[in-house]
Each structure stands twice: as C-alpha cells, then as structure tokens.
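Listed below, chain by chain, are the residues.
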Amino acid sequence: MASTLITSMSQLVTCDGTDDDGLGIRPDAALIVEDERIAWIGARSAAPAADTQVDVDGRCVLPAFVDSHTHLIFAGDRSAEFTARMSGQAYDGGGIDVTVAATREASDDELRELLQLRLTRARVQGSATIEIKSGYGLDIDTEARMLRLAREVTDETTFLGAHVVPANTDRRDYLDEVTGPMLAACAPHARWVDVFCEPNSPHAFTEDESREVLQAGRAAGLDLRVHGNQLGYGPGVQLACELGAASVDHCTYLSQRDIDALADCKDQTTATFLPGVEFSTHEPYPDARRLIDAGASVALASDCNPGTCYSSAMPFMIQLAVRELKMTIAEAVLAATVGGARALRRDDIGRIAVGRRAHVAVLDAPSIEHLAYQIGMPLVSGLTP
Ligand code: NIG
Ligand code: FE
C-alpha cells in the first residue's frame, strides 16, 4: 500500500462539522493518504512515516468539490441562444431540441471526446465527483448511449429521458415511452432518475407527469432527483419532498410552503442551488438565506449544460453563492462539498476524515476565504487522486 504524507498546509479545511461554522479548520495538521483513502490526520510533529512526502508550501487544502448536478455529455453549439438571452430573450427550455439533434448525430467517440474535455475542465477547477445526466437523446438508443458513456467516467449517472417532450411528439406517447422501454434500456446504466418538473415551460412536465416518471424510475430500482421551481413557482419541491427524492435542484422560486417542506424533509431531501443558471439566464437568484435559516439541507452545483449554464467551475458557483445568494463563505464551501455529497447520498466524499476517500484539492492561497475573494482566478493547483 503506497502512502503519501501531505505537510506544510496553511489550513486543512476538513468540512467535518467540528467547529461553529462547520469547516473544521485545522491550522497545523498533516495528512496521510493511503490507497485513495485518508489514513491519518494529526499534528505535523506526530506524523508517522510515509512512502512519499508532499510539501504544499503554505497552501490551503480542502475536500475536492462534489458537483451533484451536470449535463456534461452533449454535442452541438447554443452560443447564439445565450447571446439572444443576454439581449432580453427569456429561457423556456425550447433550445434543448437543438442539442438533442446534435447529440443524436454524434458518434460514441465524438461524445467521449467532448465529455473528456469537459471533465478535464471540471477537474482543474477542483471537482472530483461529478454527476452526469442523460436528457439530450430523448429516444431509446441515444438516451441509453449517453448513460453508457457517462458510466465510463462516473458512478453518478442519471436518467433524464423526461427532460422535455421532443419536438413533433405526442406527450402521452412520449411519457409511455419514457416510463416503459426507454427506462428499461437506461436503468442498467443509471443510479438516478430525474425529471424537468416545470409547468411554466410548455416543453417540460406537469406535477402528475413528473410523479409518473419518478414512480416508474423508482420501480425500476433508481433513486430520485428533481429539476424543480426553476422558471416560476411550481410543484417540484413539494413532489420531491413527498416522494423522498435525494435532491430538488434549482429552487429559484420558493414559496413559504416550499421552504417549510424542505426544512421538514431535510434528512431526506437536499435543495441544490445552481446559481450559474441565474447568472446565465437573468432569472432572479433564489432566496437561499430564507431556506438556510429555516434549517433546510442545501447543496451547490454547477448544472454545466449548453442551455442555461455552460460552466463547470465550482469556485465560480461559490463566488456567486457568496455574492448573490448571501451565503457565508463557510456555507458556500460546505454546500459545494458535504452538501453535494448529501445530495448524492454519499458519505465517503465531501469531507476530509479518516476512512473517507482522498479526494483532496490544494488551493494556491493561504486561506479558504480566497476561494470567494479571488474571483475567477485559477486557484486550484492540485487534486488527488
Ligand atoms: O438544468 N432545466 C432543465 N435543464 C437544464 C437546461 C437544459 C438546456 O437548456 O439544455 C437545466 O437548466
Ligand atoms: Fe439541470
């Protein structure tokens, strides 16, 4: 078993919840990584010997980010849609068909190459665990293909056949397909099922349709996630809580009833903020403060996708969370690490503790505050493994 001793950290940010703000900062700690697990944490002076030693020279060390919501596998270009939106056009999900057409046309190797490039970009920004959804195939073959390719790079794969009703397709027929043969073809490659529950978009799904999709997914052995309350007030949050989904994502428009429900079901369901979407669509930012102060479980993710947010940069999401969602730096960092882990029902990642996976990021800065303070800077200088 090869072991590595990491020393000379300015701060070890464990995110283990042991102090007031939950960051569990240890000022004079050393760390031993053994076979992709954290084997030992303690004072530098007490560190046992290891095979190799890495001196991080006064940098800050924290858990790698857990990006619990991405659509990283797709082909095509929707930059023109972004440009139109910046001059006032609203987002309604209609552009998804453009990506669907391009993704159906792309070969496995083309999709693999695009995915690898995007994964590299996510990793250099500090993400080690990345959830990836289908949803740009919307036919049986392409949905299954997307998930098979995503499975090559992550265990956190999500079947999103119910992203939108594809163009020129009868809603009822499509729902029958999604909950029948498409689900059967996709379930073997997926851990999760998701639905774009959004009555405010003519392309997405109503409450009843979403319930049908989620229940069928659960019967096929998948756990549940929901895109909800993105474009207006709606049923997504209530449905996620009712069905015990692991996460309800976007949460841009929340009523008091939604906030109460999320606080009540915090042990089951995490509310995941995706502020890169508000940044890229001109929707208002969610009232994260109210939700956090009510006691809900929250996460922060990128939603990297070609329509509403073409960024996988978790440091940027932390900067938006602090600047626009009024989260403290500690809340934002925790939401991007342990929060993401909770949204994926994982307890082996998102914090630095003995026995957990050694997904560790090194920050080219003396303290965790710099992650929010140095905007858009390439601060992540290392990532294990
Ligand atoms: O999470 N809202 C639905 N799905 C994506 C956007 C998909 C797209 O426009 O391509 C999202 O924002
Ligand atoms: Fe999404």
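By the naming in an unreviewed UniProt entry, the protein chain goes by Imidazolonepropionase and is assigned to Bowdeniella nasicola. Regarding the protein chain, the UniProt comment filed under Function (unreviewed entry) reads as follows: "Catalyzes the hydrolytic cleavage of the carbon-nitrogen bond in imidazolone-5-propanoate to yield N-formimidoyl-L-glutamate. It is the third step in the universal histidine degradation pathway."

**Q** Which residues make up the nonpolar core, and what values go with them?
**A** Most often, soluble globular proteins keep nonpolar side chains buried together rather than apart. Membership of the largest hydrophobic core comes to 101 residues, with the highest contact counts inside it found for Phe159 and Leu262. Here this core takes seven residues from helix α12 (residues 329-343), the largest share from any one element. Beyond its immediate chain neighbours, meaning those up to four positions away, Phe159 contacts Ser134, Glu143, Leu147, Val178, Met182, Leu183, Cys186, Ala190, Trp192, Val193, Asp194 and Leu222. Counting 14 residues, the second largest nonpolar core, distinct from the first, contains Met9, Val33, Ala358 and Val362.

**Q** How would you summarise the site of ligand 1 if you had to cite specific residues and measurements?
**A** Neighbouring ligand 1 are 15 residues; Arg78, Tyr91, Tyr136, Gln230 and Thr308 lie closest to it. A distance of 2.7 Å separates an oxygen atom of ligand 1 from a polar atom in the side chain of Thr308. Protein chains shield 100% of the accessible area of ligand 1, which is 330 Å² for the free molecule. Of the residues in the shell around ligand 1, the class split is four nonpolar, nine polar and two charged.

**Q** Any details on the packing of helix α3 (residues 108-124) against helix α4 (residues 140-151)? Residues and values, ideally.
**A** Packing of α3 against α4 leaves a shortest axis separation of 10 Å and a crossing angle of 45°. Looking at the two axes, α3 sits oblique to α4. Like other packed secondary-structure pairs, α3 and α4 cross with a definite hand, here right-handed. In this structure, α3 uses Asp108, Leu111, Arg112 and Leu115 to contact α4, whose residues at the interface are Arg145, Arg148, Leu149 and Ala150. Its residues assigned to classes, the contact of α3 with α4 comprises four nonpolar, no polar and four charged.

Calculation rules
- Residues numbered from 1 in each chain as written.
- Chains lettered and ligands numbered in written order.
- Predicted model: local features only at pLDDT ≥ 70, side-chain atom pairs only at ≥ 80, totals over all residues.
- Heavy atoms only, no water.
- UniProt positions renumbered as here; feature names shortened; annotations may be inferred.
- Core = buried A, V, L, I, M, F, W, Y, C linked by side-chain atoms within 4.5 Å.
- Buried < 20%, exposed > 50% of the residue type's maximum accessible area, 1.4 Å probe, protein only.
- Helix = DSSP H or I, 4+ residues; strand = E, 2+ residues; numbered from the N terminus.
- Contact = heavy atoms within 4.5 Å.
- Near = heavy atom within 4 Å.
- Polar contact = N/O pair within 3.5 Å; in protein donor to acceptor, adjacent residues only side chain to side chain.
- Areas by Shrake-Rupley, 256 points an atom, 1.4 Å probe, with all protein chains shown as cover.
- Nonpolar A, V, L, I, M, F, W, Y, C, P; charged D, E, K, R; others polar.
- Axes fitted to C-alpha atoms, helices over the stretch in contact; angles between N-to-C directions.
- Parallel < 35°, antiparallel > 145°, perpendicular 65-115°, else oblique.
- Left-handed = near helix turned anticlockwise from the far one by under 90°.

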